[in-house]
Amino acid sequence: MNKANGPQFDDRKPGASPDKPVEPGFLRELFNHVKVGVIATVVLAIIVSGLYPVVVWGLSQALFHDKANGSLVGKDGNPVTKDADAIGSALLGQSFSDAKYFHPRPSAAGNGYDATASSGSNLGPTSAKLMLGTTKTFAYTVFAADKSHTAVAPVASRVQGAVAEVTKTSITLATTSPATAPAGAAAGKTTYALDPSVADPNTIVAYHGRTVHAMTIPVGSVVELKLNDKTPPAVTAINMVDQELDGAPAGIDMSANKITLSDASSTVINVDPKSTVFVVNGKTDAKLTDLAADMSVHAVVSTQMDYDGVADRVIHYCQDNKIDYKSSVPDSAFMDTDGIDDAKLILALNAAGTPSITPATAVPADAVTASGSGLDPHITPANAELQKVRVAQARGISPEQVQKVIDEHTDKPGLGVLGDPGVNVLMVNLALDATPAATPQSGPGAAKP
């Protein structure tokens, strides 16, 4: 073999002494690969995790400052940078229910427009849940005892009764259940102070699946009050009560927090470990795990809306915006003095099997369905058009004034062709708050004073 060329594993440099031992070539090659890998990792980490984010952040702050910081806006509709000054984001929908505001499209993101739970419903067009909605029976207080000890013991922190009067600072009950009445109040009326968290007019109370102010709870409604441990006690929560159920548990699902009764309907009672009070054999700090299949159960429950459904939304939309409609389910099946009872409506819709609801005016799809994100801040111009008269009348301004504000806050398609135009609900509502009321006009379509 030619000694000048040498074997491939000979790592000696040209001109080196022939007496120098041969260094294995693969070790040096391995070292070179490791060195290159480490250097590449460090360089890419500096670029990708350091320089690139800094450059992008700097450019976005310089060129798109407001958008880069969440498109936050204040009460005047102008961009703000501090969270404390923000009323919302122009990029995220939020709930509006007052008649003087445009209402957003429904949200599938958790409870209302929860930005931490962006999602669609994943329900298909043939889903009965999507079209008709669902309800659930929720227990506020569960009494359980061995069959030989079925007496229901009072719970000091829970009081049940019919509403006799509600003011901004108190609620008066006509006690209907002596077993759950406080000492000395087995008959007649008892008045309780409202805790500030409930008395605040901006605080909402769950009522038949709706969110209402405490002041709007109708007289005669049966409720269960949750009281604090102060003297005298104050109300910290108002729960709507539909009925009291009795039976033996046919099944207890600890993982799903459900109790199935052994009645003719196999009634399922939903419980919440954090808010449902369990009283087992007189033990007031009991838990669901303390229940046994051979016990007797007495539960104070409410039938609540679990998922509203498209049919429920269509009826709400029509009633809110004075749109005539024909329904195979009569209004008497779900209307009360406080308006639509969503739980009754959903039960009536499901009982009807395949109900029909036909609005006199076509209802836009975005008015009754959620977007894929569940956080869409826009509604279609057609949706805004149908809400316009209601908003104008509630504000005492003309529909033309409202239309002008709509036009000013309608986002055009990207590049003129990408997507559809959309009315930004938050921005148009903020702009309307800044619009002075006009002198009422006469004639068709005029705003009411």
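This structure is a prediction, so every number in the text was calculated from the model and none was measured.

Undergrad: Explain the pairing of strand β13 (residues 258-261) to me, please; I cannot follow it from the model alone.
TA: Look at any regular strand and the pattern is simple: side chains alternate between the two faces of the sheet. Only one face of β13 is covered, namely the one carrying I259 and L261; the face carrying K258 and T260 has none of its residues buried. With four bridges joining them, strand β12 (residues 249-253) and β13 adopt antiparallel strand pairing. Paired with P249 across the bridge in β13 is L261. Direction of pairing for β13 relative to strand β14 (residues 268-270): antiparallel, over a ladder of three bridges. Looking at the pairing, K258 lines up with N270 of β14. Remark: six residues form the turn of the hairpin made by β13 and β14, two consecutive strands paired antiparallel; S266 in that turn has positive phi of roughly 50 degrees.

Undergrad: Even after reading the chapter, I still don't get helix α1 (residues 25-63), so can you show me in this structure?
TA: Three or four residues apart is the spacing at which side chains of an α-helix point the same way, because the helix has 3.6 residues per turn. Helix length check: α1 (39 residues) gives 54 Å between terminal C-alpha atoms against 57 Å at 1.5 Å per residue, within 8%. The sharpest bend along α1 comes to roughly 30 degrees, located at L51, with the proline P53 sitting one to four residues further on.

Undergrad: I tried to follow the pattern of salt bridges on my own but got confused; where do I start?
TA: Pairs may arise between side chains of opposite charge once their charged atoms sit close together. Following the criterion strictly, the structure yields five salt bridges and no others. Linking D376 and R105 is a salt bridge whose minimum nitrogen-to-oxygen distance equals 3.5 Å. Within this pair, whereas D376 is found in the loop between β21 (357-359) and β22 (378-379), its partner R105 is found in the loop between β2 (88-89) and α3 (128-132), the two being separated by 271 residues in sequence. Overall, D376 belongs to the partly exposed group, its relative accessible area being 21%. Ionic pairing is found between D433 and R395, a salt bridge with its closest N-O pair at 2.8 Å.

Undergrad: I tried to follow unusual backbone geometry on my own but got confused; where do I start?
TA: The general pattern is negative phi for most residues beyond glycine and trans for most peptide bonds. Between T231 and the following residue, P232, the backbone shows a cis peptide bond with an omega angle of -5 degrees. With respect to the helices, strands and loops of the structure, P232 is situated in the loop between β9 (222-227) and β10 (234-240). The backbone phi angle of S266 is positive, close to 50 degrees, even though this residue is not glycine. Looking at the element boundaries, S266 is found in the loop between β13 and β14. In this structure, N281 is a non-glycine residue whose phi angle is positive, near 50 degrees. Among the secondary structure elements, N281 is positioned in the loop between β15 (277-280) and β16 (283-286).

Undergrad: Could you clarify how one ought to interpret the nonpolar core in this entry?
TA: Side chains of a nonpolar character, in soluble globular proteins, are inclined to be buried together. F102, V402, I406 and L432 are the most contacted members of the largest nonpolar core, which has 21 residues in total. Residues within four places of V402 in sequence aside, it is in contact with F102, K388, V391, A392, I397 and L432. Residues L132, C318, F334 and I340 belong to the second largest nonpolar core, which totals 20 residues.

Undergrad: Would you explain the confidence of the model for the protein chain in this entry?
TA: Close inspection of predicted coordinates is inappropriate for parts of the model with low pLDDT. Per-residue confidence for the protein chain gives a mean pLDDT of 82; residues scoring 70 or more make up 84%. Across the protein chain, element-level confidence peaks in helix α7 (residues 381-395) with a mean pLDDT of 95 and bottoms out in strand β7 (residues 204-207) with 63. Confidence drops under a pLDDT of 50 for residues 178-186, and excluding neighbours within four residues, the segment shows 15 contacts in the predicted structure.

Undergrad: Could you clarify how one ought to interpret the pairing of β10 in this entry?
TA: For β10, a buried count of five out of seven residues is recorded, marking the element as mostly surrounded by other parts of the structure. In terms of strand pairing, β9 meets β10 through five bridges, oriented antiparallel. Looking at the pairing, E224 lines up with N239 of β10. Linking β9 back to β10 in an antiparallel pair, the connection comprises six residues.

Undergrad: I would appreciate a short explanation of the sheet that holds strand β24 (residues 422-424) in the present structure.
TA: Read from one edge to the other, the open sheet built from three strands follows the order β22-β24-β23, with strand pairing classed as antiparallel. The strands lining the two open edges of the sheet, one partner per strand, are β22 and β23 (410-411). Helix-sheet contacts for helix α9 (residues 425-433) involve β22 and β24, and the interaxial angle to β24 is about 55 degrees.

Undergrad: What is the right way to read the packing of α7 against helix α8 (residues 399-408) from this model?
TA: For any two helices packed against each other, one specifies the crossing angle of their axes together with the interaxial distance. Where α7 meets α8, the closest approach of the two axes is 9 Å, and the angle between their N-to-C directions is 130 degrees. In terms of their interaxial angle, α7 and α8 are classed as oblique. Between α7 and α8 the crossing geometry is right-handed. Counting all contacts with α7, which are made through A384, E385, K388, V391 and A392, the residues of α8 involved are P399, V402, Q403 and I406.

Calculation rules
- Residues numbered from 1 in each chain as written.
- Predicted model: local features only at pLDDT ≥ 70, side-chain atom pairs only at ≥ 80, totals over all residues.
- Heavy atoms only, no water.
- Buried < 20%, exposed > 50% of the residue type's maximum accessible area, 1.4 Å probe, protein only.
- Helix = DSSP H or I, 4+ residues; strand = E, 2+ residues; numbered from the N terminus.
- Pairing = 2+ DSSP bridges.
- Expected span 1.5 Å × (residues − 1).
- Bend = angle between axes of the 7 residues up to and from the residue.
- Salt bridge = Lys/Arg side-chain N within 4 Å of Asp/Glu carboxyl O.
- Core = buried A, V, L, I, M, F, W, Y, C linked by side-chain atoms within 4.5 Å.
- Contact = heavy atoms within 4.5 Å.
- pLDDT = per-residue confidence, 0-100.
- Axes fitted to C-alpha atoms, helices over the stretch in contact; angles between N-to-C directions.
- Parallel < 35°, antiparallel > 145°, perpendicular 65-115°, else oblique.
- Left-handed = near helix turned anticlockwise from the far one by under 90°.

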